[in-house]
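# Geometric and topological summary
Here is what each chain is made of, one letter per residue.
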Amino acid sequence: MRIAPSAMPKAATPALAPPRQKGAPRGGAAAIVLRGVVTIAIIGLAWEAVVTAAGIQPYYLPRLSAILAAIVALPDAYLAGFLRTLSETLLGYAAGALVGVANGVLFHRSRLLRETIFPLFVISQTIPVIAFGAVVVLWFGNTILAKALIAFYLTFFPVTVNTLNGLEAVDRRQVDLLRSFGATSRQLLFRLLLPSALPQIFVALRLACTLSLLGAIAGEWFGDTTGLGVLLLQAMYNEQFVALWAAILMAGLLGTSFYGLVAWVEHKAVFWRSEL
């Protein structure tokens, strides 16, 4: 008498927890923030200890406590400068990101545009930002728009390049498959091409965080009354070393926070990356 395999008793196997996905962060967002705060605190304590123990002069590197005291002594000036530079950076960054993605899509769809206009974009990036900023300030004056345009100038090109590279890297077999099911060009763009290119696009968006901030600060050097760039120039001309480092610290805080925000958006938008 033969016994069917399905009728034979099976050995009980213990339930195993699913393996942790490669690249998945340990803990949630709160844990990541906590680790960042602890890291910054350790760096701050080490900074204070090394400068004090080594007797480093303030014109080389002031104590962190002295820098923080300078910020606390003039909170309105530093807060106003922070907010002004933030607004210029965000305006230029947002415009540069949108135009960069749109350019990448247009160049992907039109070989003629890619061969005629893209080289002009490359040439434009050889112009020093100081020269471009001087022209923009002459055109628009010392306004937020002028600083935002300089931030835009440094932002749109890397986003354009990475968007184009991401779209070109999409598997043509996937495109052909969707087309065989009757997908329109709009559906292909928003359901396949752009989602597939998001990792490449976010690489440029993270890079553009610092570039847009540098553009906004450089624009303020051409003459303004408010902004972190203004505080940097004033401290440098007056040889106020602690105030100079205070402005640098505020710029670093702005850039780090901006980068962290974009990285968080990338983590939410490109959620499938941890599953690869």
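Heads up: the structure comes first, above all this text.
Report on the accompanying structure.

Analysis parameters
Residues numbered from 1 in each chain as written. Predicted model: local features only at pLDDT ≥ 70, side-chain atom pairs only at ≥ 80, totals over all residues. Heavy atoms only, no water. Salt bridge = Lys/Arg side-chain N within 4 Å of Asp/Glu carboxyl O. Helix = DSSP H or I, 4+ residues; strand = E, 2+ residues; numbered from the N terminus. Buried < 20%, exposed > 50% of the residue type's maximum accessible area, 1.4 Å probe, protein only. Axes fitted to C-alpha atoms, helices over the stretch in contact; angles between N-to-C directions. Left-handed = near helix turned anticlockwise from the far one by under 90°. Nonpolar A, V, L, I, M, F, W, Y, C, P; charged D, E, K, R; others polar. Core = buried A, V, L, I, M, F, W, Y, C linked by side-chain atoms within 4.5 Å. Contact = heavy atoms within 4.5 Å. Expected span 1.5 Å × (residues − 1). Bend = angle between axes of the 7 residues up to and from the residue.

### Here's the deal with the pattern of salt bridges
Tallied over the full model, the rule gives 6 salt bridges. The residue Glu48 makes a salt bridge to Arg63 at a minimum N-O spacing of 3.3 Å. With Glu48 in helix H1 (residues 29-54) and Arg63 in the loop between H1 and helix H2 (64-73), this pair connects stretches of sequence that are 15 residues apart. Between Arg173 and Asp171 there is a salt bridge, with the nearest N and O atoms lying 3.0 Å from each other. The exposure class assigned to Arg173 is exposed, which follows from its relative accessible area of 65%. Residue classification places Asp171 among the partly exposed positions, given a relative accessible area of 30%.

### With respect to the packing of helix H3 (residues 75-109) against helix H7 (residues 144-168)
At a minimum axis distance of 5 Å, the contact between H3 and H7 shows a crossing angle of 35°. The element H3 and its partner H7 pack so that their crossing is right-handed. Of the residues in the contact of H3 with H7, the class split is 16 nonpolar, 10 polar and 4 charged.

### Quick word on unusual backbone geometry
Although it is not a glycine, Glu239 sits at a positive phi angle of roughly 55°. Within the fold, Glu239 resides in the loop between helix H10 (228-237) and helix H11 (241-269).

### Focus: the nonpolar core
Counting 22 residues, the largest nonpolar core has Tyr93, Leu167, Val175, Leu193, Leu194, Leu205 and Val262 as the members making the most contacts within it. Among the secondary structure elements, those contributing two or more residues to this core are H3, H7, helix H9 (185-220) and H11. Here this core gets 12 residues from one element, more than from any other, and that element is H9. The contacts of Leu193, once residues within four sequence positions are left out, are His108, Leu167, Val170, Val175 and Leu188.

### Quick look at H9
Over its 36 residues, H9 runs only 43 Å from end to end, short of the ideal 52 Å by more than 12%, given 1.5 Å per residue. Of all the bends in H9, the greatest reaches close to 50° and is centred on Leu198; the proline Pro199 follows between one and four positions later.

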